[in-house]
Amino acid sequence: MKPLPSALSLLLLSVFLAACGDGKTAALSGTVSYKERIALPPEAVIEIVLLDTSRMDAGSARIARQTVTTGGGQPPFAYELRYDPADIEEGGSYAVAARALIDDEVRFVSQTHAAALNEPEAGRTIIDIVLRPVPATVPGAGDMP
């Protein structure tokens, strides 16, 4: 077997290192589900966000976001929400929220924000979220930062 040319070796090494990241990310994981016996179509998307809810006088700031395409699968949907620990302030208040969209229309939403990272010593990194249906007549229902 011939050795790879050095330029190709460097390229492969840089791709590998970029894929590994700098090791400075953390993650929250869990599942998103709903109790209704309704099947989501294959184009449905689940959106999960990590929010900074520390400031009462301002809206929640989004720290991280992940989308999961359902592809015709049914709940529960697993997620892994990666974030930069430098964005987390000691003593801050953080929450994870989720919603399900079909053709960019919110159909299900988490009604309560699941507390996250608020007690670092507890090390809560697994958060399961239950969605509720959104009434079709409520304008702006399910809006998230």
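Please refer to the structure higher up on the page.
An account of the accompanying structure is given in this report.

Basis of the calculations
Residues numbered from 1 in each chain as written. Predicted model: local features only at pLDDT ≥ 70, side-chain atom pairs only at ≥ 80, totals over all residues. Heavy atoms only, no water. Phe/Tyr/Trp six-rings, centres within 6.5 Å; stacked < 30°, edge-to-face > 60°. Helix = DSSP H or I, 4+ residues; strand = E, 2+ residues; numbered from the N terminus. Buried < 20%, exposed > 50% of the residue type's maximum accessible area, 1.4 Å probe, protein only. Contact = heavy atoms within 4.5 Å. Core = buried A, V, L, I, M, F, W, Y, C linked by side-chain atoms within 4.5 Å.

Describing the packing of aromatic side chains
Then, in step 1: Summed over all chains, the structure comprises 1 aromatic pair.
Then, in step 2: Plain terms: the ring middles of Tyr 34 and Phe 108 are 4.4 Å apart, the flat faces sit at 20 degrees to each other, and that makes the pair stacked. Remark: Phe 108 occurs in strand E6 (residues 105–109) and Tyr 34 occurs in strand E1 (residues 26–34); sequence separation between them is 74 residues. Side by side, Tyr 34 and Phe 108 carry an identical accessibility label, which is buried.

A look at the environment of Ala 100
Then, in step 1: Of note, Ala 100 is situated in strand E5 (residues 94–102).
Then, in step 2: Judged by relative accessible area, which is 0%, Ala 100 ranks as buried.
Then, in step 3: Here the alpha-carbon distance between Ala 100 and Leu 40, two residues 60 residues apart in the chain, equals 9.0 Å.
Then, in step 4: For Ala 100, the residues in contact, after removing those within four places along its chain, are Val 45, Ile 46, Glu 105, Val 106, Arg 107, Phe 108 and Leu 131.

Some thoughts on the nonpolar core
Then, in step 1: Ranked by size, the top nonpolar core spans 27 residues in total, and within it Ile 48, Leu 50, Tyr 79, Val 96 and Ile 129 carry the most contacts.
Then, in step 2: Elements with a minimum of two residues in this core: E1, strand E2 (45–52), strand E3 (61–69), strand E4 (77–83), E5, strand E7 (114–116) and strand E8 (129–133).
Then, in step 3: In terms of residue count, the dominant contributor to this core is E5 (5 residues).
Then, in step 4: Residues in contact with Tyr 79, not counting those within four places in the same chain, are Leu 28, Ser 29, Gly 30, Thr 31, Val 32, Ile 48, Gln 66, Val 68, Val 96, Ile 127 and Ile 129.

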